[in-house]
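Residues per chain, in single letters:
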Amino acid sequence: ARKGLLYRIMLIWERMTFACASVSIATNESFREIAIRRGRMNPEDVFVVRSAPKIEKFEIRPADPAMRKGAGTVLGYVGVIGQQEGMDLLVAAADHLIRVMGREDVHFIIVGFGPELPAVEADVAARGLEAHFTFTGPLYGEDLLVALNSCDIGVSPDPRNAMNDISTMNKVMEYMTLEKPVVQFDLKEGRASAGEASLYAVANDPVDFAARIAALMDAPDQAARMGKAGRARVLERLSWAHSVPHLLAAYDRVFARAGR
């Protein structure tokens, strides 16, 4: 994409912001690298504090048969439904999976809301896929846990672009915490978060996304191993508990500088 005057102005503001900061808190290594390279910050002053789930709030529970709608495989999505989230690609992948590949024994639970929700619902209706989708709207707490625990696979259709490639997707972390294998497009930070807990489709290709879903449907043992690996990954290195020391260290650095 063309990077014009506004882009250059934003870079100037970004540089000024970093120049005024005593420390920088980055949500992942990609943003840490930006703070060091573009922001010219001392690496010792940049702390990674990941956006990660609290394990105690994401309990693994039995599925709710009513939410599964009798389907053999249930796929779950939770998050914003906007232009950046690739919901059009997910619907196209579902269409290919069901209509072309003949995998009709599937159901998609879509949790969330956003400006593109009406367009996504209209797309599903136009393709005649209403029986394969449930749009729950926003869910929180116990209701969210019921929905996600009723799914077999978590999907993250965020397309590859400059922002998504370096962003940590909260939904991927939540799927992993609940032992759900993940299907997503091949994004830098998506791989950094999920590792072997996910299958990665060719970027922005709904046909390959459908193929990755089908591959998991055909390999339940592999899917189970991936789910367990994902939860272990969260427990061992990615949960909020692992970010707390980094956050406290950032505050310590600020207070130490203030006391000079």
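Remember, predicted model here, so these are calculated numbers, not experimental data.

A.B. asks: Give a description of the overall build of the chain that names residues and reports values.
C.D. replies: Secondary structure summary: the chain contains 11 helices and eight strands in total. For the chain, the C-alpha radius of gyration of 20 Å lies close to 18 Å, the compact-globule estimate for 260 residues. With the C-alpha coordinates of the chain rotated into their principal frame, the extents come out at 65 × 45 × 30 Å. Residues counted as buried form 47% of the 260 residues belonging to the chain. Sequence-distant contacts, at least 24 apart, represent 71% of the contacts inside the chain between residues at least 6 apart. Total accessible area on the chain stands at roughly 13000 Å², and carbon and sulfur atoms take up 56% of it.

A.B. asks: I'd like a rundown of the pairing of strand E7 (residues 182-185), residues and numbers included.
C.D. replies: Of the two faces of E7, both are covered, the one formed by Val 182 and Gln 184 as well as the one formed by Val 183 and Phe 185. Alignment of strand E6 (residues 153-156) against E7, held across three bridges, turns out to be parallel. Residue Val 155 lies in a different strand from E7, and its bridge partner there is Val 183. At this point the chain moves from E6, through helix H7 (residues 170-177), to the parallel E7, and the crossover so formed is right-handed. Relative to strand E8 (residues 198-201), E7 runs parallel, the two sharing four bridges.

A.B. asks: I'd like to hear about unusual backbone geometry, residue by residue, with values.
C.D. replies: Despite not being glycine, Arg 40 has its phi angle at roughly 60°, a positive value. In this structure, Arg 40 sits in the loop between helix H2 (29-37) and strand E2 (46-48). The class of Arg 40 is exposed, set by a relative accessible area of 65%.

A.B. asks: Break down the layout of surface pockets for me, citing the residues and quoting the values.
C.D. replies: Volume-wise, the largest pocket comes out at about 470 Å³. Lining the largest pocket we find 13 residues, and of these Tyr 7, Arg 38, Ala 162, Met 163 and Ile 166 sit closest to its centre. Of all the secondary-structure elements, those providing two or more residues to the lining of the largest pocket are helix H1 (5-20) and H2. Per-class residue counts for the lining of the largest pocket are 10 nonpolar, no polar and three charged.

A.B. asks: Break down the pattern of salt bridges for me, with residues and values.
C.D. replies: Under the defined criterion, the tally for this structure stands at 13 salt bridges. Its salt-bridge partner being Arg 127, residue Asp 123 comes within 2.9 Å of it at the nearest N-O pair. Residue Asp 123 is classed as partly exposed on the basis of its relative accessible area of 21%. Residue Arg 127 is classed as partly exposed on the basis of its relative accessible area of 30%. One salt-bridge network, held together by shared partners, links Glu 59, Arg 61 and Glu 142.

A.B. asks: Hey, could you go over helix H9 (residues 206-217) for me, with residue numbers and the actual values?
C.D. replies: Under the 1.5 Å per step criterion, the end-to-end length of H9 is 17 Å for 12 residues, consistent within 8% with the ideal 16 Å. Of all the positions in H9, only Pro 206, Asp 208, Phe 209, Ala 210, Ile 213, Ala 214 and Leu 216 are classed as buried. For H9, the secondary structure elements touched by its buried residues are strand E3 (73-78), helix H4 (87-100), E6, E7, E8 and helix H10 (220-238). The backbone nitrogen of Val 207 lies 3.0 Å from a side-chain oxygen of the residue at the head of H9, namely Asp 205.

A.B. asks: So what's going on with the nonpolar core? Residues and values would help.
C.D. replies: One finds Tyr 77, Leu 90, Phe 108, Ile 110, Phe 133, Met 176 and Phe 209 to be the most contacted residues of the largest nonpolar core, which totals 60 residues. When residues in this core are grouped by element, the largest group, eight residues, is from H4. When sequence neighbours within four positions are dropped, the list of residues in contact with Ile 110 reads Tyr 77, Ile 81, Met 87, Leu 90, Phe 133, Thr 134, Phe 135, Thr 136 and Gly 137. Of all hydrophobic cores here, the second largest spans five residues; its members include Phe 18, Ala 35, Met 41 and Val 46.

A.B. asks: Explain the environment of Thr 17 to me, and be specific about the residues and the numbers.
C.D. replies: On the secondary structure map, Thr 17 appears in helix H1. Residues Thr 17 and Gly 39 lie 22 residues apart in sequence; the distance between their C-alpha atoms is 8.2 Å. Within the local environment of Thr 17, its side chain forms a polar contact with the backbone oxygen of Trp 13, the two atoms lying 2.8 Å apart.

A.B. asks: Tell me about the packing of H4 against H9, and please be specific about residues and values.
C.D. replies: Relative to each other, H4 and H9 sit at 60°, their axes nearing to 8 Å. If you check the angle between H4 and H9, you find them oblique. Crossing of H4 over H9 shows right-handed handedness. Here H4 contributes Leu 89, Leu 90, Ala 92, Ala 93, His 96 and Leu 97 to the contact with H9, which in turn contributes Pro 206, Val 207, Phe 209, Ala 210, Ile 213, Ala 214 and Met 217. Partitioning the contact of H4 with H9 into residue classes produces 12 nonpolar, one polar and no charged.

The rules behind the values
Residues numbered from 1 in each chain as written. Predicted model: local features only at pLDDT ≥ 70, side-chain atom pairs only at ≥ 80, totals over all residues. Heavy atoms only, no water. Helix = DSSP H or I, 4+ residues; strand = E, 2+ residues; numbered from the N terminus. Rg over C-alpha atoms; globule rule 2.2 N^0.38 Å. Buried < 20%, exposed > 50% of the residue type's maximum accessible area, 1.4 Å probe, protein only. Contact = heavy atoms within 4.5 Å. Areas by Shrake-Rupley, 256 points an atom, 1.4 Å probe, with all protein chains shown as cover. Pairing = 2+ DSSP bridges. Right-handed = clockwise from strand over helix to strand, strands pointing away. 1 Å grid on protein atoms, 1.4 Å probe; cavity = no way out; pocket = protein on both sides within 12 Å on 5 of 7 lines; lining within 4 Å. Points joined across faces, edges and corners; volume = space filled by probe spheres on them. Nonpolar A, V, L, I, M, F, W, Y, C, P; charged D, E, K, R; others polar. Salt bridge = Lys/Arg side-chain N within 4 Å of Asp/Glu carboxyl O. Expected span 1.5 Å × (residues − 1). Polar contact = N/O pair within 3.5 Å; in protein donor to acceptor, adjacent residues only side chain to side chain. Core = buried A, V, L, I, M, F, W, Y, C linked by side-chain atoms within 4.5 Å. Axes fitted to C-alpha atoms, helices over the stretch in contact; angles between N-to-C directions. Parallel < 35°, antiparallel > 145°, perpendicular 65-115°, else oblique. Left-handed = near helix turned anticlockwise from the far one by under 90°.

As far as function goes, none of this settles anything; it's purely spatial.
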